[in-house]
Amino acid sequence: MHAVEDRMWWYRGLRLLVADLLRRALERSEARGCVLDAGCGTGGMLARLGASVAGRTTVGLEYDLNAAALAIAKTQRPIVAGTVNGMPLGDAVIAAYLSLDVLCHAGVEPAAAIDEAHRCLVPQGVAVFNLPAYSWLLSAHDKRVHNVRRFTSGEARAMVARHGFRILLSTYWNTLLFPLMLLHRLIERNDAESDVRDFPRWQDALFSAALAVERTAIRCGVRLPFGGSLILVAVRDG
């Protein structure tokens, strides 16, 4: 999975979308501090961001020490060992917080993780949450990677707002390909292969183009009404 995810259309699309939304939010913000990828895994998002975003340096946080070692080798960025449920960071020290498909994980307590994000962000600091959509879409792949929850946009917005955040943007994405995703979920077996795999080049290019269309629409202010994933950009109030 570590090797494949950096080549796969979905991860490339996610990282391009997050990098664009994060950069635009930070360019409008006066928040100072580092950008923390909380639950950075093997470092794919950090590698995409590089050493800094809008003048803020990038740092990772990862609980799995093997994944953290891979992230350090891949990105040459500092990686803090720790859990999003209780981050080993001081209060109000980061300008931005990324949480990409982390709150859905069995080892994560969403309320505790969002409280920690709020604690560690400076006032008006930026938070970006990406989440898998719709609990009824829990799949064999989710079980394989220990995902135990999915969210609707309304659930995610309410959850983040309850913990002291003001929502700037909320939208579904992976919308154009959603019918194919739904069909795949309906026919897949419990022992189906992982969704994270190499795709034929033509299929990867086609799916990447669909996500590029969606990124352009989101950048222009369109909020997609459904999709396989959802993304929120918020700021810490107070």
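Quick look at the structure, then. (Residues numbered from 1 in each chain as written. Predicted model: local features only at pLDDT ≥ 70, side-chain atom pairs only at ≥ 80, totals over all residues. Heavy atoms only, no water.)

1. Regarding the side chain of N130
- Within the secondary structure, N130 is located in strand β6 (residues 121-132).
- Owing to a relative accessible area of 0%, N130 belongs among the buried residues under this scheme.
- Once residues within four sequence positions are removed from consideration, N130 is found in contact with W10, L14, S99, L100, D101, W173, S229, L230 and I231. (Helix = DSSP H or I, 4+ residues; strand = E, 2+ residues; numbered from the N terminus. Buried < 20%, exposed > 50% of the residue type's maximum accessible area, 1.4 Å probe, protein only. Contact = heavy atoms within 4.5 Å.)

2. Comments concerning the nonpolar core
- Core analysis: the largest hydrophobic core is formed by 35 residues, its most contacted members being L36, V84, Y97, L103, F151, F165 and L230.
- When near neighbours in sequence (up to four residues on either side) are disregarded, F165 contacts I114, A117, H118, L121, A127, V160, A234, V235, R236 and D237.
- In this structure, M8, F199, F207 and I231 belong to the second largest nonpolar core, which totals 33 residues. (Core = buried A, V, L, I, M, F, W, Y, C linked by side-chain atoms within 4.5 Å.)

3. As for the packing of aromatic side chains
- Here the structure, examined in full by the defined rule, presents 11 aromatic pairs.
- Taken together, the ring pairs connect Y134, W136, Y172, F178 and F226 into an aromatic cluster. (Phe/Tyr/Trp six-rings, centres within 6.5 Å; stacked < 30°, edge-to-face > 60°.)

4. Quick notes on the packing of helix α2 (residues 9-27) against helix α9 (residues 201-219)
- Close contact between α2 and α9 brings their axes to 9 Å; oriented N to C, the two are set at 20 degrees. With respect to their mutual orientation, α2 and α9 come out roughly parallel. Our pair here, α2 against α9, has a crossing hand that is right-handed. Taking contact as the criterion, the partners of W9, W10, R12, G13, L16, L17, D20, L21 and R24 in α2 are, on α9, D204, F207, S208, L211, R215, I218 and R219. (Axes fitted to C-alpha atoms, helices over the stretch in contact; angles between N-to-C directions. Parallel < 35°, antiparallel > 145°, perpendicular 65-115°, else oblique. Left-handed = near helix turned anticlockwise from the far one by under 90°.)

5. Some words on helix α7 (residues 153-162)
- For α7, every residue scored as buried is listed here: S153, A156, M159 and V160. End-on, the buried residues of α7 take up no more than an arc of 135 degrees, which puts them together on one face.
- In this structure, the buried side of α7 is in contact with α5 (110-120), β6, β7 (165-173) and β8 (229-236).
- Note on α7: the residue one or two positions beyond its end, G164, has a positive phi of about 90 degrees. (Arc of directions from axis to C-beta.)

6. Concerning the side chain of H163
- By the element assignment, H163 lies in the loop between α7 and β7.
- There is a polar contact of 2.7 Å between the side chain of H163 and the side chain of D115.
- In this structure H163 touches A111, I114, D115 and H118, once residues within four positions along its chain are discounted. (Polar contact = N/O pair within 3.5 Å; in protein donor to acceptor, adjacent residues only side chain to side chain.)

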